[in-house]
Amino acid sequence: MNKFILPLAGAAVVALAAYALFKPEPAPMPAPAPLASSRPAEGAPIVAVTLPEALSANAQIGKRAFDGVCAACHGENAAGKEGFGPPLVHKIYEPSHHGDMSFLMAAERGVQAHHWRFGDMPPQEGVTPGDVKAIIAYVRALQRANGIN
């Protein structure tokens, strides 16, 4: 039995040396993909908004007023604007949670930040209660078109 140990050990050493010389190089690991941000880019819409097929005359007036006063922060079609203001086409602003009077008071008095991290909303100078009522008609039409009743 002793006469087989030396040749077996020699064969093992030769096999290990051959493996070390001829082993394939491991494939390089691909670079990890950059992590996708869950937040949109600054200024981007926060939600996707489906537009209603038609707007009432009052909602059309409200759209013009919204575009002139509100869209700078609340985004086009009230979709919100990352880094500026929240979407009004959102369940938080459904009529049973934020009634029309909430919108009137927000425009008149401003709003302390409480649902979102955009900071306080200042009062909107030069916007009449009639303007706000038309804006509300527009926002409610957008909400209904997006299943918020």
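This text goes with the structure placed above it.
The paragraphs below set out a description of the structure included in this document. Bear in mind the structure is a predicted one, so any value in this text is a computation, not a measurement.

Points about the environment of C70
So, step 1. Position of C70 among the secondary structure elements: in the loop between helix 2 (57-69) and helix 3 (71-74).
So, step 2. Among the residues examined, C70 registers a relative accessible area of 16% and is labelled buried.
So, step 3. Filtering out sequence-adjacent residues up to four positions away, C70 remains in contact with A65, G75 and I135.

Some remarks on the pattern of salt bridges
Close approach of charged atoms allows side chains of opposite charge to pair.
So, step 1. For the structure on display, the rule yields four salt bridges.
So, step 2. One salt bridge in this structure joins D67 and K63, with 2.9 Å as the shortest N-O distance. With D67 and K63 both in helix 2, this residue pair falls four residues apart, about one helical turn.
So, step 3. Between D100 and R140 there is a salt bridge whose closest N-O contact spans 2.9 Å. With a gap of 40 residues between them, D100 in helix 4 (residues 100-109) and R140 in helix 5 (residues 129-145) connect regions that are remote in the sequence.

Concerning the side chain of Q143
So, step 1. Within the fold, Q143 resides in helix 5.
So, step 2. A distance of 2.9 Å separates a polar side-chain atom of Q143 from the backbone oxygen of L88.
So, step 3. There is a polar contact of 3.0 Å between the side chain of Q143 and the backbone oxygen of Y93.
So, step 4. Setting aside residues up to four positions removed in sequence, Q143 forms contacts with L88, V89, H90, Y93, E94, P95 and I148.

So, the environment of E82
So, step 1. In this structure, E82 sits in the loop between helix 3 and helix 4.
So, step 2. Note: C-alpha distance between E82 and V47 (35 residues apart in sequence) is 9.7 Å.

Topic: the nonpolar core
A general tendency of soluble globular proteins is for nonpolar side chains to be buried together.
So, step 1. In terms of nonpolar packing, the biggest core is built from 20 residues, with F66, A78, L88, F103, V132, I135 and V139 touching the most fellow members.
So, step 2. For this core, the secondary structure elements donating two or more residues are helix 2, helix 4 and helix 5.
So, step 3. In terms of residue count, helix 5 provides more of this core than any other element does, six residues in total.
So, step 4. If we skip the residues at most four places from it in the chain, L88 touches F66, H74, A78, Y93, F103, V139 and Q143.

Thoughts on helix 5
So, step 1. Helix length check: helix 5 (17 residues) gives 24 Å between terminal C-alpha atoms against 24 Å at 1.5 Å per residue, within 8%.
So, step 2. V132, A134, I135, I136, Y138, V139, R140, A141, L142 and Q143 are the residues of helix 5 that are buried.
So, step 3. On its buried face, helix 5 sits against helix 2 and helix 4.

A look at the packing of aromatic side chains
So, step 1. Scanning all chains against the criterion turns up three aromatic pairs.
So, step 2. One Lys or Arg, K81, reaches over the ring of F84 and ends 4.9 Å from the middle of that ring.

Looking at the packing of helix 4 against helix 5
Helices that pack against each other are described as a pair by the angle of their axes relative to one another and the distance between those axes.
So, step 1. Direction vectors running N to C along helix 4 and helix 5 enclose 130°, while the axes themselves pass 10 Å from each other. It follows from the interaxial angle that helix 4 and helix 5 lie oblique. As helix 4 packs across helix 5, the resulting crossing turns out to be right-handed. Across from D100, F103, L104 and A107 in helix 4, the residues of helix 5 making contact are P129, V132, K133, I136, V139 and R140.
So, step 2. The residue inventory of the contact of helix 4 with helix 5, partitioned by class, reads seven nonpolar, no polar and three charged.

Reading the values: the criteria
Residues numbered from 1 in each chain as written. Predicted model: local features only at pLDDT ≥ 70, side-chain atom pairs only at ≥ 80, totals over all residues. Heavy atoms only, no water. Helix = DSSP H or I, 4+ residues; strand = E, 2+ residues; numbered from the N terminus. Buried < 20%, exposed > 50% of the residue type's maximum accessible area, 1.4 Å probe, protein only. Contact = heavy atoms within 4.5 Å. Salt bridge = Lys/Arg side-chain N within 4 Å of Asp/Glu carboxyl O. Polar contact = N/O pair within 3.5 Å; in protein donor to acceptor, adjacent residues only side chain to side chain. Core = buried A, V, L, I, M, F, W, Y, C linked by side-chain atoms within 4.5 Å. Expected span 1.5 Å × (residues − 1). Phe/Tyr/Trp six-rings, centres within 6.5 Å; stacked < 30°, edge-to-face > 60°. Lys NZ or Arg CZ within 6 Å of the ring centre and 35° of its normal. Axes fitted to C-alpha atoms, helices over the stretch in contact; angles between N-to-C directions. Parallel < 35°, antiparallel > 145°, perpendicular 65-115°, else oblique. Left-handed = near helix turned anticlockwise from the far one by under 90°. Nonpolar A, V, L, I, M, F, W, Y, C, P; charged D, E, K, R; others polar.

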